[in-house]
Amino acid sequence: MKKVCVVGLGYIGLPTALIMATSGISVVGVDYDCEVISQLKNGILTFEEEGLQKLFNCAVDNGIEFTDSYPQAEAYIIAVPTPYEPSSKRIDPKYIISAINSVLDVCCKDAIIIIESTVSPGTIDKYVRPVFVQRGKKLGHDVHIAHAPERIIPGCMIYELKNNPRTIGVDNVEIGQQISELYQTFCKAEIIITDIRTAEMTKVVENTFRDINIAFANELCKICRKENLDVYEIIRIANMHPRVNILKPGPGVGGHCISVDPWFLVGDHPELSLLIHEARKINDSMPEFVLSRINEIMSKHGIDDFSRIGVYGLTYKEDVDDVRESPTLQMFDKITRHLGQVPKVFDPMVKHDVVPNQYQDFDLFLADVDVVIIMVGHSHIKQNMNELKGKIILDTRNICNLKDVYKL
Ligand code: SAJ
């Protein structure tokens, strides 16, 4: 393919556009946010990710373009957000529909439109195909549609773009092969071609599997707390069994994937998705559980004032700068509703102020608090753990080996 347009230059679209441009494809990156386009045009990355700067420089050398207007291209990769409606938990496909309409305004005959955004199973039949009908475009004749859900993990995106197997859902195998050749320019792993509904379901199932398994670890954590047992030691020993692989308990599940996708199944099949729904509830209960641990520790030490509590970590997991749905923000939401104030907070990865009482200097933060709640296991805290000596510590990630540390 001579020219590919990537629509939506966020956490998935940007690395995808860059890696394609470095693989010899002519790439145009489109985003409706002029601010994002102007930053990228000025050589400023919009988020941090290992190896992204190097990839960006190489893509720029190879002539990648960034624009807010849709160009004519042979293939369009759509990587826009797919939020869910908070009350029904059903997908809100408005960004995908709007992107497809914009593509149809400019695309040439036989263009291939590849949706990479995660969608709830059935979305393409229910919401996307009707757009082509409305626009008088015959699928499989005028244009082609495909679903190639992304699978890369923030923190390791570039490695995973190259090495993760991929799924391509299509109506027609020949189109699947053309898309497979496009992805093979940078992806060394196996590429499976299947139908669109199977691709949709597989993606959501992958993230739901992880959510359920994290929920199991979190439930064990609560049981062990009640029994006064060390959950980490129990998981360590249990995982020595050849067929057991328990994940890590933590302060909750954040990010815009695992905490969102299972809701699509719950929203569409409330009567059938009992385990999935329960797992969501368990993971969503963890920030409140951390709060109850903080209260226990405060009363044990006779502390009644939140102003001496310091929270380390705002992002949804270690070594990323993404704060979406983060357990810390979920916990702050509860604290503000109950107490009307939030504790002091520091995160070395978050350079702009997201909440009140946020520090940008680690030493100043430490000087102002007596209790430190480790919510995220950034490399930064692992390297500076000794600075926490003398503080009362609640370690929700099991990364601190200092004496008398409280665990979840
Ligand atoms: N977490 C735990 N315990 C664990 C593992 C994770 O509490 O043992 C927490 C993390 O701290 C974080 C959340 O779960 O808050 C999710 O983190 P993650 O690293 O498991 O996953 P994401 O959301 O960064 O990326 C996931 C990945 N999906 C799977 O591993 C099945 C990634 O491959 C997908 O591309 C991504 O979702 C997506 O965009 O769908």
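These numbers come from a predicted model, not from an experiment.

Here six strands make up an open sheet; going across it, the order is E11-E10-E9-E12-E13-E14 and the pairing parallel. Edge positions in the sheet fall to strand E11 (358–359) and strand E14 (406–407), since each of these pairs with one other strand and no more. Where strand E12 (residues 371–374) and strand E13 (residues 392–395) come together, four bridges link them in parallel fashion. Following the sheet pairing, Ile373 is matched in E13 by Leu394.

On to the layout of surface pockets. Looking at the second largest pocket, its volume works out to about 220 Å³. Considering the residues around the second largest pocket, the lining is formed by Tyr11, Thr46, Phe47, Glu48, Asp321, Asp322, Val323, Arg324, Met349, Val350, Lys351 and His352. Here the residues of the lining of the second largest pocket sort into five nonpolar, two polar and five charged. Both of domain 1 (3–194) and domain 2 (206–407) provide at least three residues apiece to the lining of the second largest pocket.

Attention shifts here to the domain arrangement of the protein. How big an interface is tends to be stated in terms of the accessible area lost upon association of its parts. Per the domain assignment, the segments of the protein are domain 1 (3–194) and domain 2 (206–407). Relative to domain 2, the C-alpha centre of domain 1 lies at a distance of 32 Å. Tallying the contact residues gives 18 residues for domain 1 and 16 residues for domain 2. Contact between domain 1 and domain 2 buries roughly 1,600 Å² in total, counting both sides, with carbon and sulfur atoms accounting for 54%. Of the charged contacts in the structure, one is a salt bridge between Arg151 and Glu206, with a shortest N-O distance of 2.5 Å. Taken together, the connections running from domain 1 to domain 2 amount to five residue pairs in polar contact (both at pLDDT 80 or more). Taken together, the residues that form the side of domain 1 that touches domain 2 break down as nine nonpolar, five polar and four charged.

Where helix H8 (residues 196–227) contacts helix H9 (residues 231–238), the two axes come as close as 9 Å, and the packing angle between them is 125°. With respect to their mutual orientation, H8 and H9 come out oblique. Contacts between H8 and H9 pair Leu220, Cys221 and Cys224 from the former with Val231, Ile234 and Ile235 from the latter. The residue makeup of the contact of H8 with H9, split by class, is six nonpolar, no polar and no charged.

As a further point, take unusual backbone geometry. Residues apart from glycine generally show negative phi values, whereas peptide bonds are mostly found in trans. Phi is positive for Asn228, close to 55°, though the residue is something other than glycine. Mapped onto the elements of the fold, Asn228 is located in the loop between H8 and H9. Even without a glycine there, the phi angle at Asp319 is positive, about 60°. As for its placement among the helices and strands, Asp319 is situated in the loop between strand E9 (309–312) and helix H12 (327–339). Assessed through its relative accessible area of 35%, Asp319 is described here as partly exposed.

So, about the pattern of salt bridges. Tallying each qualifying case throughout the model produces 17 salt bridges. Note that Lys203 and Glu150 form a salt bridge whose closest N and O atoms lie 3.3 Å from each other. Here Lys203 is found in helix H8, whereas its partner Glu150 is found in the loop between strand E6 (143–147) and helix H6 (157–163), with 53 residues between them in sequence. Across the pair, Glu150 and Lys203 agree in class, each one buried. Salt-bridge contacts for Arg280 lead to Asp284; the nearest nitrogen and oxygen are separated by 3.1 Å. Within this pair, Arg280 and its partner Asp284 are both found in helix H11 (residues 274–300), separated by four residues, close to a single helical turn.

Right, let's get into empty space enclosed by the protein. The tally for this structure, following the rule as stated, stands at three cavities of 30 Å³ or more. Taken as a whole, the largest cavity holds about 40 Å³ of empty space. Along the walls of the largest cavity sit Pro149, Glu150, Arg151, Ile152, Glu160, Leu161, Asn164, Pro165 and Arg166, which together make up its complete lining. Counted by class, the lining of the largest cavity contains four nonpolar, one polar and four charged residues.

Here Asp370 lies in the loop between helix H13 (362–367) and E12. Using a relative accessible area of 33% as the deciding quantity, one classes Asp370 as partly exposed. Spatially, the C-alpha atoms of Asp370 and Ile309 are 6.2 Å apart, while their sequence positions differ by 61 residues.

With that settled, the discussion passes to the site of the ligand. The immediate surroundings of the ligand are formed by 20 residues, with Glu150, Arg151, Lys203, Arg210 and Tyr316 found nearest. Residue Lys203 places a side-chain N or O atom 2.6 Å away from an oxygen atom belonging to the ligand. Between the ligand and Lys317 there is a distance of 2.9 Å, counted from an oxygen atom to a side-chain nitrogen or oxygen. When the ligand sits alone it has 780 Å² of accessible area, and the protein chains cover 89% of it. Across the shell around the ligand, the residue classes break down as nine nonpolar, three polar and eight charged. Each of domain 1 (3–194) and domain 2 (206–407) accounts for three or more of the residues forming the shell around the ligand.

The biggest cluster of nonpolar side chains holds 43 residues, and the ones touching the most others in it are Leu18, Met20, Phe66, Ile114, Ile179 and Tyr183. With six residues, the top contributor of residues to this core is helix H1 (residues 13–22). Beyond its immediate chain neighbours, meaning those up to four positions away, Met20 contacts Val4, Ile25, Val27, Ile77, Leu182, Tyr183 and Phe186.

Cut-offs applied
Residues numbered from 1 in each chain as written. Predicted model: local features only at pLDDT ≥ 70, side-chain atom pairs only at ≥ 80, totals over all residues. Heavy atoms only, no water. Pairing = 2+ DSSP bridges. Helix = DSSP H or I, 4+ residues; strand = E, 2+ residues; numbered from the N terminus. 1 Å grid on protein atoms, 1.4 Å probe; cavity = no way out; pocket = protein on both sides within 12 Å on 5 of 7 lines; lining within 4 Å. Points joined across faces, edges and corners; volume = space filled by probe spheres on them. Nonpolar A, V, L, I, M, F, W, Y, C, P; charged D, E, K, R; others polar. Domains from an automatic or database assignment. Contact = heavy atoms within 4.5 Å. Buried area = accessible area lost by both parts, 1.4 Å probe. Salt bridge = Lys/Arg side-chain N within 4 Å of Asp/Glu carboxyl O. Polar contact = N/O pair within 3.5 Å; in protein donor to acceptor, adjacent residues only side chain to side chain. Axes fitted to C-alpha atoms, helices over the stretch in contact; angles between N-to-C directions. Parallel < 35°, antiparallel > 145°, perpendicular 65-115°, else oblique. Buried < 20%, exposed > 50% of the residue type's maximum accessible area, 1.4 Å probe, protein only. Near = heavy atom within 4 Å. Areas by Shrake-Rupley, 256 points an atom, 1.4 Å probe, with all protein chains shown as cover. Core = buried A, V, L, I, M, F, W, Y, C linked by side-chain atoms within 4.5 Å.

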